[in-house]
Amino acid sequence: ACTGIENIDEAITLLEQNNWDLVAAINGVIPQENGILQSEYGGETLHGPAYGPTSHSTAASSTPSSSSAFRYVVPSRQIVERQPRMLDFRVEYRDRNVDVVLEDSSTVGDIKHILENELQIPASKMLLKGWKTGDVDDSTVLKTLHLPKNNSLYVLTPDLPPPSSSHSGALQESLNQNFMLIVTHREVQREYNLNFSGSSTIQEVKRNVYDLTSIPVRHQLWEGWPPSATDDSMTLAVSGLTFPCHRLTVGRRSSPVQTREQSEEQCTDVHMVSDSDGDDFEDATEFGVDDGEMFGVASSALRKSPMMPENAENEGDALLQFTAEFSSRYGDCHPVYFIGSLEAAFQEAFYGKARDRKLLAIYLHHDESVLTNVFCSQMLCAESIVSYLSQNFITWAWDMTKEANRARFLTMCTRHFGSVVAQTIRTQKTDQFPLFLIIMGKRSSNEVLNVIQGNTTVDELMMRLIAAMEIFSAQQQEDIKDEDEREARENVKREQDEAYRISLEADRAKREAQEREMAEQFRLEQIRKEQEEEREAIRLSLEQSLPPEPKEESTESVSKLRIRTPSGEFFERRFLASSKLQVVFDFVASKGYPWEEYKLLGTFPRRDVTQLDPNKSLLEVKLYPQETLFLEAKE
């Protein structure tokens, strides 16, 4: 009524997250600045949204006899000032837990500053994890995250070294270990082998068990936890569990209301037995009390347990009790009832691959019908019926005895099958029960193929099941054909897409190879140009540094050298006989033949001039008065 949430399970989950604090649950869903939610119980004011154009005059004119527990009014600073909402955080860091309480107007950075004082860790080194929303930074205001009242976070410090003590090392090793928990579900005598890391918490184990057994955490009754496991936020590594395997037992906690009723019945039975004698029963009619009233309590104590609890929290729990009670009444040879909601049964029966789909059989039980015992014991428990149902049907059951359960099923029926089917079931008389509904899933809707009443025989029931199966088989073959064609088209499309992808990758690889080749050629060309420019610069420098060529009529001793290039060309030059051999090398290099790459060879005798000391004069190396040399490239 306050939030507009119509899903009961979602509403209960929100209440559980807020420890059943109605105000906190509403504030966690509805932005508080939109209005206030005002309670008429004791004048308490609850913050929440104001729906509709309600004015102060309208709110004042409303009569106090209104049946609504809450009324919405437009927020006004003159009426109420918004109180800050407090948020509780439990922050886990290694082997420590820190409790932080802040207003929702605070930021994430404020939490870090508090933790900085508590943990002695710089806020800049902290990574605060565990948020239910997306990216969160230090400037994020808590109110914008729409958090519940109680929150659990943990701190990571990747930039800080781990503690060096042996205890911390052993704890870290335990956190990295895997624990095998063998959990026995007491009511159905079924075992679950669950693997959890040492860093998992006891609360996480209980939530996973809830997914398997449909027993809410608050209703779970455990046996086998170590005495040291006192807090659900404790990790398995420090809880004292036996490594590597530990056995636990879980069951459903008895309802306090049922316990009181049972104790009252027991007390009443004892009172009736101890105080009643023959004279009391003989004289009872004189006081206007008939036998039925005198024995009403005793007969109710002898009555069978209901097939299904009234107002069960979820359909899975109700089906567990239904199966157990059915087995106790009619034996273990009975259809395997699907444990779960009707929506889950639809999912199991209709929404798999076409080859795996089945018909859905819904058995509607009624304890007050005279046909129920005969139908259950002789029809449903017949081996042929049980075998045929298990092979071809998903069987789901519901008890229509209690009015609340009947209304609940009619609501589900209207939602899934439409008002016509719901009205058909609603008009069935008690003596026409039990009913057996055969449902076939179609593309757009679920079709009720048959409604079988309790006044039937085994043969007739089997014939009607077979007839429904024939209709379903024909539809299933069409669905299989359509599915195969669709899968074939999808396979062709996938193959085409894969071929196109491979072609694109080949083209891209080819283009990249060409680009790399062009880039390499360009790089090599640049290197060649730079080398040529460098050589040219060196050649010019050497050419300019050469001493002038002496004249033929010079009075000094002159050596005339004739040098032959690898291409067969000759060039001549005169040098002073006193000039060093290095001058000849520089002259040859200035012509483009550096002595690092070419050898200068003499003819008679044949010798490598480049191996001689370049600081000796031409006269000393016997290149005087004239000599013919030739150039040869070095290997």
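Our subject is the structure that appears above.
First, a word on what this report is: a plain description of the structure on this page. (Residues numbered from 1 in each chain as written. Predicted model: local features only at pLDDT ≥ 70, side-chain atom pairs only at ≥ 80, totals over all residues. Heavy atoms only, no water.)

1. Describing the pattern of salt bridges
Rules: Salt bridges are defined by distance alone: a side-chain nitrogen of Lys or Arg within 4 Å of a carboxyl oxygen of Asp or Glu. Labels follow the DSSP assignment, with helices taken as runs of H or I lasting at least four residues and strands as runs of E lasting at least two, numbered in each case from the N terminus. Burial here depends on accessible area, computed with a 1.4 Å probe over protein chains only, as a share of the maximum for the residue type. Under 20% is buried, over 50% is exposed, and the range in between is partly exposed.
The final tally for this structure, using the stated rule, is 30 salt bridges. For Arg 501, the salt bridge goes to Glu 505, with nearest N and O atoms at 2.4 Å. Taken together, the residues span about one helical turn, with Arg 501 and Glu 505 both in helix α17 (residues 458–545) at a distance of four residues. Residue classification places Arg 501 among the partly exposed positions, given a relative accessible area of 36%. Overall, Glu 505 belongs to the partly exposed group, its relative accessible area being 34%. Across the pair Lys 599 and Glu 632 runs a salt bridge, and its minimum N-O distance is 3.5 Å. Remark: Glu 632 occurs in strand β20 (residues 626–633) and Lys 599 occurs in strand β18 (residues 598–602); sequence separation between them is 33 residues. Its relative accessible area of 24% is what places Lys 599 among the partly exposed residues.

2. Here we look at unusual backbone geometry
Only a minority of non-glycine residues have a phi that is not negative, and only a minority of peptide bonds are not trans. Note the cis peptide between Phe 433 and Pro 434, where omega equals -5°. The topology assignment puts Pro 434 in the loop between α16 (419–426) and β14 (435–441). Residue Pro 625 follows Tyr 624 across a cis peptide bond; omega there is 5°. One non-glycine residue, Lys 622, lies in positive phi territory at about 65°. Relative to the helices and strands, Lys 622 is located in the loop between β19 (607–608) and β20.

3. Remarks on helix α15 (residues 403–417)
For clarity, the threshold we go by: Every helix has an expected span of 1.5 Å times one less than the residues it contains. In this context, the arc is that of the directions from the helix axis out to the C-beta atoms.
Helix length check: α15, at 15 residues, gives a terminal C-alpha distance of 20 Å against a target of 21 Å (1.5 Å per residue), a fit within 8%. Residues of α15 that are buried: Asn 405, Arg 406, Phe 409, Leu 410, Met 412, Cys 413, His 416 and Phe 417. The buried residues of α15 occupy an angular sector of 165° when projected down its axis, which confines them to one face. Of the exposed residues in α15, those oriented more than 90 degrees away from the buried face are Glu 403 and Arg 415. At the C-terminal side of α15, Gly 418 shows a positive phi close to 100°.

4. Section: the sheet that holds strand β5 (residues 96–103)
Filter applied, for reference: At least two bridges found by DSSP between two strands are what make those strands a pair. Every axis corresponds to a line fitted to the C-alpha atoms, with the helix fit spanning only the stretch in contact, and the corresponding angles, defined between N-to-C directions, vary from 0 to 180 degrees. We call two residues in contact whenever any of their non-hydrogen atoms come within 4.5 Å of each other.
Taken in spatial order, the four strands line up as β5-β4-β7-β6 in an open sheet, and their pairing is mixed. What marks the edges here is a single partner per strand, and that holds for β5 and β6 (127–129). Sheet twist, expressed as the mean angle between neighbouring strand axes with direction ignored, is 30°. Where strand β4 (residues 86–93) and strand β7 (residues 150–156) come together, five bridges link them in parallel fashion. Directly across from Phe 89, in β7, lies its bridge partner Asn 151. Sitting on the sheet, helix α4 (residues 108–119) touches β4, β5, β6 and β7, and the angle it makes with β5 is about 140°.

5. A closer look at the sheet that holds strand β17 (residues 570–576)
If you walk across this open sheet you meet the five strands as β17-β16-β20-β18-β19, and the pairing is mixed. Either end of the sheet is taken by a strand with one partner, and the two such strands are β17 and β19. Note that β18 and β20 share five bridges and pair antiparallel. In the sheet register, Tyr 598 faces β20, and the bridge partner there is Ala 633. Its contacts with the sheet place helix α18 (residues 581–590) against β16 (558–564), β17, β18 and β20, and it is angled at close to 150° to β17.

6. Thoughts on empty space enclosed by the protein
What counts here: A pocket, in this scheme, is an open set of points on a 1 Å grid over the protein atoms alone with protein on both sides within 12 Å along at least 5 of 7 lines, while a cavity is a set where a 1.4 Å probe fits but cannot get out; residues line either one if an atom lies within 4 Å of a point. Grid points are joined across faces, edges and corners, and a volume is the space filled by probe spheres set on the points.
In this structure the tally under the stated criterion is one cavity of 30 Å³ or more. In this structure, the largest cavity occupies an estimated 50 Å³ of space. For the lining of the largest cavity, the secondary structure elements donating two or more residues are α18 and β18. The greatest single-element share of the lining of the largest cavity, amounting to three residues, is contributed by β18.

7. A closer look at the packing of aromatic side chains
In plain terms, the rule: Ring geometry is summarised as follows: Phe, Tyr and Trp rings, the Trp one being its six-membered ring, pair when their centres sit within 6.5 Å, and such pairs are stacked at plane angles under 30 degrees, edge-to-face over 60 and tilted between the two.
Per the counting criterion, the structure on display carries 21 aromatic pairs. Centroid distance Phe 326 to Tyr 337: 5.4 Å. Interplanar angle 75°. Geometry classified as edge-to-face. Here Tyr 337 lies in the loop between α11 (315–330) and α12 (342–350) and Phe 326 lies in helix α11, a separation of eleven residues in the sequence. You can call Phe 326 buried: its relative accessible area is 0%.

8. Observations concerning the environment of Ile 439
Considering the arrangement of structural elements, one finds Ile 439 in strand β14. For the pair Ile 439 and Asn 450, spaced eleven residues apart in the sequence, the C-alpha separation amounts to 7.5 Å. Beyond its immediate chain neighbours, meaning those up to four positions away, Ile 439 contacts Phe 350, Leu 359, Leu 360, Ile 362, Phe 417, Asn 446, Glu 447 and Val 448.

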